[in-house]
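# Reading the structure
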Amino acid sequence: MANSPQAKKRARQNTARFAINKMRRSRIRTYLRAVEEAIASGDQSAAAAALKAAQPELMRGVTKGVLHKNTASRKMSRLAARVKAVS
């Protein structure tokens with residue numbers, strides 16, 4: 001348990017930051033789920049549009065420190081390949 005004023009403030013900041021990061025992660029997952037659903041439906045134009053909407057959201061996650069750069073790039077690459085393969 002935090003005892004010093006500095007540690008108490010740090011605990012408050014960590015709680016607030018956790019909530020913000022959780023919100024961002026959830027938002028990113030929502031965009032990725034939309035791409036997955038579009039791929040599953042077999043509609044390539046909808047999947048491409050969903051991917052185009054998800055890309056900036058993923059990169060925003062990188063700049064905000066929620067995702068590692070390589071993780072976001074890997075996810076984008078794999079999704080793009082799957083969208084391209086939709087017939």
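Everything in this summary refers to the structure shown in the same document. Values in this document were obtained by computation on a predicted structure and should not be read as measured data.

## Comments concerning the overall build of the chain
Scanning the chain for helices and strands turns up three helices and zero strands. Reading the helices (α) and strands (β) of the chain from amino to carboxyl end gives α-α-α. The C-alpha radius of gyration of the chain comes to 17 Å, more than 25% above the 12 Å expected for a compact globule of 87 residues. Projected onto its principal axes, the C-alpha coordinates of the chain cover approximately 60 × 20 × 15 Å. When the 87 residues of the chain are sorted by exposure, 23% land in the buried category. A fraction of 56% describes how many contacts in the chain between residues 6 or more apart in sequence connect residues 24 or more apart.

## With respect to the nonpolar core
In this structure, V35, I39, L58, L79 and V83 are the most contacted members of the largest nonpolar core, which totals 16 residues. For this core, the secondary-structure elements that each account for two or more residues are α1 (5-41), α2 (44-63) and α3 (69-85).

## Considering the packing of α1 against α2
Between α1 and α2, whose axes approach to 9 Å, the crossing angle comes to 160°. Taken together, the axes of α1 and α2 are roughly antiparallel relative to one another. Regarding α1 and α2, the two cross each other, and that crossing is left-handed. Residue-level contacts link R27, I28, Y31, L32, A34, V35, A38 and I39 of α1 to A46, A47, A50, L51, A53, A54, E57, L58 and G61 of α2.

## Description of α3
Along its 17 residues, α3 runs 24 Å from first to last C-alpha, staying within 8% of the 24 Å computed at 1.5 Å per residue. Tucked into the core, α3 has its buried residues touching α1 and α2.

## Focus on the pattern of salt bridges
Pairs can form between side chains of opposite charge once their charged atoms are near each other. Inspection of the entire model under this criterion finds three salt bridges. Its salt-bridge partner being E57, residue R27 comes within 2.8 Å of it at the nearest N-O pair. Within this pair, whereas R27 is found in helix α1, its partner E57 is found in helix α2, the two being separated by 30 residues in sequence. Of the residues examined, R27 reaches a relative accessible area of 44% and is grouped as partly exposed. The partner of R60 in a salt bridge is E57, and the shortest N-O contact between them spans 2.8 Å. Here R60 pairs with E57, and both are found in helix α2, just three residues apart, close to one helical turn. Ionic contacts of the salt-bridge type, sharing partners, join the residues R27, E57 and R60 into one network.

Conventions we followed
Residues numbered from 1 in each chain as written. Predicted model: local features only at pLDDT ≥ 70, side-chain atom pairs only at ≥ 80, totals over all residues. Heavy atoms only, no water. Helix = DSSP H or I, 4+ residues; strand = E, 2+ residues; numbered from the N terminus. Rg over C-alpha atoms; globule rule 2.2 N^0.38 Å. Buried < 20%, exposed > 50% of the residue type's maximum accessible area, 1.4 Å probe, protein only. Contact = heavy atoms within 4.5 Å. Core = buried A, V, L, I, M, F, W, Y, C linked by side-chain atoms within 4.5 Å. Axes fitted to C-alpha atoms, helices over the stretch in contact; angles between N-to-C directions. Parallel < 35°, antiparallel > 145°, perpendicular 65-115°, else oblique. Left-handed = near helix turned anticlockwise from the far one by under 90°. Expected span 1.5 Å × (residues − 1). Salt bridge = Lys/Arg side-chain N within 4 Å of Asp/Glu carboxyl O.

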